[in-house]
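So the chains spell out like this:
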Amino acid sequence: TPLMMCCDSSCELFEVSRERKHRPVPSYRAITVLLSASLNSAIMEDEDGISAIEYALCSKADLQTIQLIESAAKKAMLKKHEFMK
């Protein structure tokens, strides 16, 4: 998902990016925008079973960013649970 790509600082969208040695940490502002479009992206996993929050942790995202994704995942799970009742 776009959220996972944003959270994964090792993600290479273009060949040029391979040349950079310094990888930026995931952007809090970009993640906020992506989550505002879809809270469910916070609980989705890729084909390897990895979620956006796991990518963010591996990419050394700051605590505020991790908490943002965690909060969105909690809200998405509560919504999902309510929908299943």
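Here goes a summary of the coordinates provided. All values reported here derive from a predicted model rather than from experimental measurement. (Residues numbered from 1 in each chain as written. Predicted model: local features only at pLDDT ≥ 70, side-chain atom pairs only at ≥ 80, totals over all residues. Heavy atoms only, no water.)

### Considerations on the nonpolar core
Membership of the largest hydrophobic core comes to 15 residues, with the highest contact counts inside it found for Leu3, Cys7, Ile31, Leu35, Ala42, Ala56 and Ile69. Every element with two or more residues in this core is listed here: α1 (2-7), α2 (28-37), α3 (52-58) and α4 (63-84). Not counting the four nearest positions on each side in its chain, Ile31 is found in contact with Leu3, Cys6, Cys7, Pro26, Thr65, Leu68 and Ile69. (Core = buried A, V, L, I, M, F, W, Y, C linked by side-chain atoms within 4.5 Å. Buried < 20%, exposed > 50% of the residue type's maximum accessible area, 1.4 Å probe, protein only. Helix = DSSP H or I, 4+ residues; strand = E, 2+ residues; numbered from the N terminus. Contact = heavy atoms within 4.5 Å.)

### With respect to the packing of α2 against α4
Closest axis-to-axis distance for the α2/α4 pair is 10 Å, and the angle between their directions is 10°. With respect to each other, α2 and α4 are oriented roughly parallel. Residues Tyr28, Ile31, Thr32 and Leu35 of α2 lie in contact with α4, whose contacting residues are Gln64, Thr65, Leu68, Ile69 and Ala72. (Axes fitted to C-alpha atoms, helices over the stretch in contact; angles between N-to-C directions. Parallel < 35°, antiparallel > 145°, perpendicular 65-115°, else oblique.)

### Description of the environment of Glu54
With respect to the element layout, Glu54 can be found in helix α3. Given a relative accessible area of 35%, Glu54 falls into the partly exposed group. On a C-alpha basis, the gap between Glu54 and Cys7 in space is 8.4 Å, while along the polypeptide they are 47 residues apart.

In short, geometric facts, not functional conclusions.
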